[in-house]
Amino acid sequence: MSKRSSGSTGFYNSKARSLVGMAQRLVEAFDGEVPGAMEDLVTLPGVGRKTANVVRSVALGLPGLPVDTHVLRLSRRLGITDETDPVKVEYVLNAMIPAAERGGFSLRMILHGRRTCFARKPNCGACVLADFCPSAGTGEPRPLAKSSIQRGERNNDSRRRIAEPIALSTSRKRTAKSSRGVPS
Ligand code: SF4
């Protein structure tokens, strides 16, 4: 990839430098193969945990839960965690989501953040998670716009696939508390 082809993403000078450095390190340290281990991936220039998790989950079919700005925002709004550090949020989510489902879960959170739970004005009136989201009502009470994720079966499927792991985690926490005699 050249400086010109990475230009549309911004910061093309540093990205071009990272791409060249990454390619060199892949050849020198990993025989030209993209490694699968997190500790190896983050040694590549320009690659942090988020990118490493994308590579693991999307390209290599390994467990990986990328925490981007949408996953971070939704995790807080949905009451999953108060953490603001992406790495800590990743660990919290990893403890809740089965390894094989982490990449898909992250993608669904990203899609929900892009299409419904907007940063400035969440579309609560059209949100499939509104009946259990503790932040419901902080955004727009009436649907702002229809999007493909808010229609038909994909609507229910999206809700189920985001909501089920969260509900499971909440019930586990309650069970743990009650077994310790802590009122929930
Ligand atoms: S109810 Fe509102 S704040 Fe909660 S996830 Fe949906 S859009 Fe976001």
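Residues numbered from 1 in each chain as written. Predicted model: local features only at pLDDT ≥ 70, side-chain atom pairs only at ≥ 80, totals over all residues.

1. Section: the overall build of the protein
Across its full length, the protein carries seven helices and zero strands. Of the regular secondary structure in the protein, the N- to C-terminal order runs α-α-α-α-α-α-α. By the burial criterion, 22% of the 184 residues in the protein qualify as buried. For the protein, the share of sequence-separated contacts (at least 6 apart) that also reach a separation of at least 24 residues comes to 45%. (Helix = DSSP H or I, 4+ residues; strand = E, 2+ residues; numbered from the N terminus. Buried ≥ 20, exposed ≤ 12 C-beta atoms within 10 Å, placed from the backbone. Contact = placed C-beta atoms within 7 Å.)

2. Let's talk about the packing of helix H4 (residues 69-77) against helix H6 (residues 102-115)
Between two packed helices, what matters for the description is the angle formed by their axes and the separation of those axes. Packing of H4 against H6 brings their axes to within 8 Å, and their N-to-C directions diverge by 85°. Between H4 and H6, the crossing angle belongs to the class labelled roughly perpendicular. Contacts between H4 and H6 involve His70, Val71, Arg73 and Leu74 from the former and Ser106, Met109, Ile110, His112, Gly113 and Arg114 from the latter. Residue composition of the contact of H4 with H6, by class: four nonpolar, four polar and two charged. (Axes fitted to C-alpha atoms, helices over the stretch in contact; angles between N-to-C directions. Parallel < 35°, antiparallel > 145°, perpendicular 65-115°, else oblique. Nonpolar A, V, L, I, M, F, W, Y, C, P; charged D, E, K, R; others polar.)

3. Considerations on the site of the ligand
Inspection of the region around the ligand gives 15 residues, with Cys117, Pro122, Cys124, Cys127 and Cys133 positioned closest. A class-by-class count of the residues in the shell around the ligand yields nine nonpolar, five polar and one charged. (Near = placed C-beta within 6 Å.)

4. A closer look at the confidence of the model for the protein
This prediction gives the protein a mean pLDDT of 84; 73% of its residues lie at or above 70. Element-level mean pLDDT values for the protein span from 62 in helix H7 (residues 152-179) up to 98 in helix H2 (residues 38-41). (pLDDT = per-residue confidence, 0-100.)

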